[in-house]
Amino acid sequence: MDFTKEKFQLLAISSLTLPWLISLAFNYHHPALTQTLLSGLAVVSASFLISWAAETAEMDVPRSFSLAIVALLAVLPEYAVDGYFAWKAGSVGGEYVHYATANMTGANRLLIGIGWSLVAFIAFRTLKSKEVELDDGIRLEIFFLFLATLYAFTLPLKGHISPFDALVFVSLYAIYIYLSTKAEREEVEVGGVPAYLCSLKTETRRLSVVVLFLFAGFTILMSVEAFSEGLLETARIAGIDEFLAVQWIAPLASESPELIVAIYFVRRFRVSASMNVLISSKVNQWTLLIGTIAIIYSISAFKLQSLPLDARQSEEVLLTAAQSLFAVAILLDLKISWKEASALFLLFIVQLLFPGVEVRYIISAIYIILSLPILFAKRKEIVESFRTVKRLIS
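Residues numbered from 1 in each chain as written. Predicted model: local features only at pLDDT ≥ 70, side-chain atom pairs only at ≥ 80, totals over all residues. Heavy atoms only, no water.

The name recorded for the protein chain in an unreviewed UniProt entry is Ca2+/Na+ antiporter, from Archaeoglobus fulgidus DSM 8774. According to its UniProt record, the protein chain has this under Subcellular location (unreviewed entry): "Membrane". (UniProt positions renumbered as here; feature names shortened; annotations may be inferred.)

Next comes the structure, spelled out in structure tokens:
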């Protein structure tokens with residue numbers, strides 16, 4: 001089979017990362033707008049490379065594991081941004097202590113409020129349906145997201161993220177990654193660039209996947225700071241509050257890779273794989289990211305200590321945990337309807353447009369009140385998710 005078109009696509013998309021990487025190599029400084037455009041183009045291009053590598057990798061590893069790696073690579077920018085704030089918080093203190101948590105909570109809520117609902121709306125249109133069903137392979141991610149969410153409710157009560165909390169969250173992620181390697185491998189019908197990569201000899205195909213993953217991950221990591229700074233500079237010029245810019249605009253840049261990957265999958269009629277990427281990203285950020293910023297904070301301060309949460313940050317963590325609980329409750333039966341997707345989107349927009357204390361508590365209460373009867377009604381689904389994990393352990 002002639003794959004000339006696919007080879008050209010792979011080469012063309014890869015080359016779009018070069019203008020920014022070359023600029024970095026030669027330390028060339030661009031005006032803010034040009035910097036944002038070139039770094040943003042590099043992030044988008046790298047996201048397509050990750051998408052193709054992920055589909056190809058499913059020939060050799062289970063989907064859950066492949067997409068967990070995709071999620072980890074895609075959220076590297078978020079780690080870079082949040083890790084920077086956590087390091088400055090430990091060494092300098094001041095507002096950076098608040099920025100570390102603000103960026104983390106903003107990224108998590110943005111991922112569900114915009115990411116999950118956007119992909120669902122695209123799926124409704126693509127499949128011409130008002131409800132989409134997901135496959136059983138997504139239960140592993142849902143289960144660990146549920147556990148992490150329940151534990152996260154303890155953080156605002158304690159008013160800090162302790163080293164013990166970091167250990168719990170990192171351990172949850174480690175167990176999740178281990179079990180994802182034991183999930184069932186699925187037969188996937190590939191097309192386009194992944195079909196070309198799958199036609200290569202086994203050793204060449206596997207090497208190509210590793211190279212694409214590494215190159216794309218490196219490109220995203222080297223591009224997102226400039227992309228974030230460009231967006232933040234625009235926010236400053238527009239007179240937008242810096243705290244809100246850190247909480248929402250910086251995550252908008254750092255969350256873009258997984259959104260692009262998810263949209264790519266849903267446009268290929270792979271709705272479960274698309275949601276798998278986003279849920280895995282959420283598991284990643286709601287376990288490993290929280291644990292990581294607490295650890296970096298201690299390392300930077302040269303002593304073992306807890307990352308403090310003031311009243312504002314405790315409210316933000318509570319709201320993020322409540323949103324996560326509602327999202328898990330919705331997906332327990334492996335379905336999402338247009339009403340549920342609309343609820344995720346609208347409740348997020350309300351908290352975004354009205355960032356007051358009362359609104360945060362009201363929206364948190366709404367999330368929890370909506371979640372409890374759904375969780376009770378779907379209690380058998382919780383048991384089934386537990387059984388799925390138990391089978392993987394055994």
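Following the structure, the description resumes.
A. How the structure looks around the pattern of salt bridges. One pass over the structure, following the stated rule, counts ten salt bridges. The partner of Arg-139 in a salt bridge is Asp-136, and the shortest N-O contact between them spans 3.4 Å. Judged by its relative accessible area of 6%, Arg-139 falls in the buried class. On the basis of relative accessibility, which here comes to 51%, the residue Asp-136 falls in the exposed class. (Salt bridge = Lys/Arg side-chain N within 4 Å of Asp/Glu carboxyl O. Buried < 20%, exposed > 50% of the residue type's maximum accessible area, 1.4 Å probe, protein only.)

B. Region of interest: the packing of helix H7 (residues 139–152) against helix H15 (residues 311–331). At a minimum axis distance of 9 Å, the contact between H7 and H15 shows a crossing angle of 150°. On the basis of their axis angle, the class for H7 and H15 is roughly antiparallel. For the pair H7 and H15, the sense of crossing is left-handed. Here Ile-142, Leu-145, Phe-146, Thr-149, Leu-150 and Ala-152 of H7 lie close against H15, whose contacting residues are Val-317, Ala-321, Ser-324, Leu-325, Val-328 and Leu-331. Of the residues belonging to the contact of H7 with H15, the class tally is ten nonpolar, two polar and no charged. (Axes fitted to C-alpha atoms, helices over the stretch in contact; angles between N-to-C directions. Helix = DSSP H or I, 4+ residues; strand = E, 2+ residues; numbered from the N terminus. Parallel < 35°, antiparallel > 145°, perpendicular 65-115°, else oblique. Left-handed = near helix turned anticlockwise from the far one by under 90°. Contact = heavy atoms within 4.5 Å. Nonpolar A, V, L, I, M, F, W, Y, C, P; charged D, E, K, R; others polar.)

C. A look at helix H2 (residues 18–25). Here H2 has its buried residues at Trp-20, Leu-21 and Ser-23. Across the axial projection of H2, the buried residues extend over an arc of 155°, all falling on one side. With its phi angle positive at about 55°, Asn-27 sits one or two positions after the end of H2. (Arc of directions from axis to C-beta.)

D. Expanded view of the nonpolar core. Trp-116, Phe-144, Ile-279 and Leu-331 are the most contacted members of the largest nonpolar core, which totals 82 residues. The leading source of residues in this core is helix H14 (residues 271–301), at 13 residues. Excluding anything up to four places from it in sequence, Leu-331 contacts Trp-116, Leu-134, Ile-142, Met-275, Ile-279 and Ile-336. Counting 27 residues, the second largest nonpolar core, distinct from the first, contains Phe-3, Ala-54, Leu-67 and Ala-216. (Core = buried A, V, L, I, M, F, W, Y, C linked by side-chain atoms within 4.5 Å.)

E. Highlighting the confidence of the model for the protein chain. Per-residue confidence for the protein chain gives a mean pLDDT of 85; residues scoring 70 or more make up 92%. Across the protein chain, helix H17 (residues 357–377) holds the top mean pLDDT of 95, while helix H12 (residues 242–254) sits lowest at 65. (pLDDT = per-residue confidence, 0-100.)

F. Quick look at the packing of aromatic side chains. Taken as a whole, this structure holds nine aromatic pairs when the rule is applied. Ring geometry for Phe-326 against Tyr-367: centres 5.8 Å apart, planes inclined by 40°, an arrangement best described as tilted. Here Phe-326 is found in helix H15, whereas its partner Tyr-367 is found in helix H17, with 41 residues between them in sequence. Each member of the pair Phe-326 and Tyr-367 is classed as buried. Through pairs of rings, three or more aromatic residues link up here, namely Phe-143, Phe-144, Tyr-173, Tyr-176 and Phe-386. Here the guanidinium or amino end of Arg-379 rests over the ring plane of Phe-376, the centre of that ring lying 4.3 Å away. (Phe/Tyr/Trp six-rings, centres within 6.5 Å; stacked < 30°, edge-to-face > 60°. Lys NZ or Arg CZ within 6 Å of the ring centre and 35° of its normal.)

G. Molecular detail of the side chain of Gln-351. Along the chain, Gln-351 falls in helix H16 (residues 338–353). In this structure Gln-351 comes out as buried when scored by relative accessible area, which is 4%. Within polar-contact distance, the side chain of Gln-351 engages the backbone oxygen of Leu-347 at 3.2 Å. Ignoring sequence-local partners within four residues, the contact set of Gln-351 consists of Arg-109, Leu-319, Val-359, Ile-363 and Tyr-367. (Polar contact = N/O pair within 3.5 Å; in protein donor to acceptor, adjacent residues only side chain to side chain.)

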